[in-house]
Amino acid sequence: MVKELQRGHYAERAKQLGEHIKAVAEGWNLPCVEGVRGLGLLRGVGLKPGSFSVPEGMTPAGYVNGLCREAGLLACPAGADTLRLIPALNIPEELLEEGLSILHGVLAKLA
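Here we summarise the structure given alongside this text. Going along each chain's sequence as written, the residues are numbered from 1 onward. Local features in this predicted model are restricted to residues of pLDDT 70 or higher, and side-chain atom pairs are both shown and tallied only at a pLDDT of 80 or more, whereas totals for entire chains, interfaces and linings draw on every residue. Side-chain numbers come from the whole structure's heavy atoms, not from hydrogens or water.

**Examining the environment of P77**
At step 1: Topologically, P77 is positioned in strand β3 (residues 76-77).
At step 2: Among the residues examined, P77 registers a relative accessible area of 35% and is labelled partly exposed.
At step 3: The spatial distance from the C-alpha of P77 to the C-alpha of G66 is 9.5 Å, given a sequence separation of 11 residues.
At step 4: Two residues qualify as a contact provided that any one of their heavy atoms is within 4.5 Å of a heavy atom in the partner residue. When sequence neighbours within four positions are dropped, the list of residues in contact with P77 reads A61, G62, N65, T82 and L83. By the criteria applied, helices consist of DSSP H or I runs no shorter than four residues and strands consist of E runs no shorter than two, each listed in order from the N terminus. Only protein chains enter the calculation, and the probe is 1.4 Å; a residue is then buried if its accessible area is under 20% of its type maximum, exposed if over 50%, and partly exposed in between.

**Observations regarding the nonpolar core**
At step 1: One finds W28, V45, L47, V64, C68, L103 and L107 to be the most contacted residues of the largest nonpolar core, which totals 28 residues.
At step 2: Put simply, the parts of the chain that give this core at least two residues each are α2 (10-27), β1 (33-39), β2 (42-47), α3 (60-71), β4 (82-85) and α4 (93-110).
At step 3: Tallying contributions element by element places α4 first for this core, with 7 residues.
At step 4: Sequence-distant contacts of V64, defined by excluding residues within four places in its chain, comprise L47, F52, L83, V106, L107 and L110. What we call a nonpolar core is a set of buried Ala, Val, Leu, Ile, Met, Phe, Trp, Tyr and Cys residues that are connected through their side-chain atoms within 4.5 Å.

**A word on the packing of α2 against α4**
At step 1: Between N-to-C directions, angles cover 0 to 180 degrees, with each direction set by a line fitted to C-alpha atoms, over the stretch in contact for helices. The interhelical angle for the contact between α2 and α4, taken along N-to-C directions, is 25 degrees, at an axis separation of 11 Å. Classified by the interaxial angle, the pair formed by α2 and α4 is roughly parallel. Note that α2 runs across α4; the crossing there is right-handed. Between α2, through R13, L17, H20, I21 and V24, and α4, the contact on the second element is made entirely by E93, L96, E97 and L100.
At step 2: When its residues are assigned to classes, the contact of α2 with α4 shows 5 nonpolar, 1 polar and 3 charged. Any angle from 65 to 115 degrees is called roughly perpendicular, while one under 35 is roughly parallel, one over 145 is roughly antiparallel, and all others are oblique. By convention, the crossing between two helices is left-handed when the near helix turns anticlockwise from the far helix through less than a right angle, and right-handed when the turn is clockwise. When residue character is reported, Ala, Val, Leu, Ile, Met, Phe, Trp, Tyr, Cys and Pro are called nonpolar, Asp, Glu, Lys and Arg charged, and the others, Gly included, polar.

**Concerning the pattern of salt bridges**
At step 1: By definition, a salt bridge exists where a carboxyl oxygen of Asp or Glu is found within 4 Å of a side-chain nitrogen of Lys or Arg. Applying the stated criterion across every chain, the model contains 1 salt bridge.
At step 2: Linking E19 and R43 is a salt bridge whose minimum nitrogen-to-oxygen distance equals 3.3 Å. On the criterion of sequence distance, the pair formed by E19 in helix α2 and R43 in strand β2 is long-range, its members being 24 residues apart.
At step 3: The partly exposed category is assigned to E19, whose relative accessible area is 42%.

**Some details on the sheet that holds β3**
At step 1: Strands qualify as paired when DSSP identifies two bridges or more between them. With antiparallel pairing, 4 strands are arranged side by side in an open sheet as β1-β2-β4-β3. Each edge of the open sheet carries a strand with a single partner, namely β1 and β3.
At step 2: Both β1 and β2 contribute to a ladder of 6 bridges, which runs antiparallel. Each bridged residue has a counterpart across the sheet, and for R37 the counterpart in β2 is G44.
At step 3: Lying on the sheet, α2 is in contact with β1, β2 and β4; it crosses β1 at an angle near 175 degrees.

Next comes the structure, spelled out in structure tokens:
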């Protein structure tokens, strides 16, 4: 298994795609995005508290996660104010772009 991962250059690819996710999401300059953190393809999109209304009893990350799911993007909350993105190591770049587009659409509607 480890040899397969080394042969596929997944570590380098994960680093490159992770940096791409960070650059794209931070480039949106949306008031509800506080920043993007993480390593490789494990990324957290920080949601600025109070920048959008959230239904009572929900966290910002839980609310955005539900909106993403409805739009066709699987993510998961990581705490109250962070949306976690964990694409597969072998995700096609076109599919990654589609996911980022969905996320941008959801967050832009909240801005």
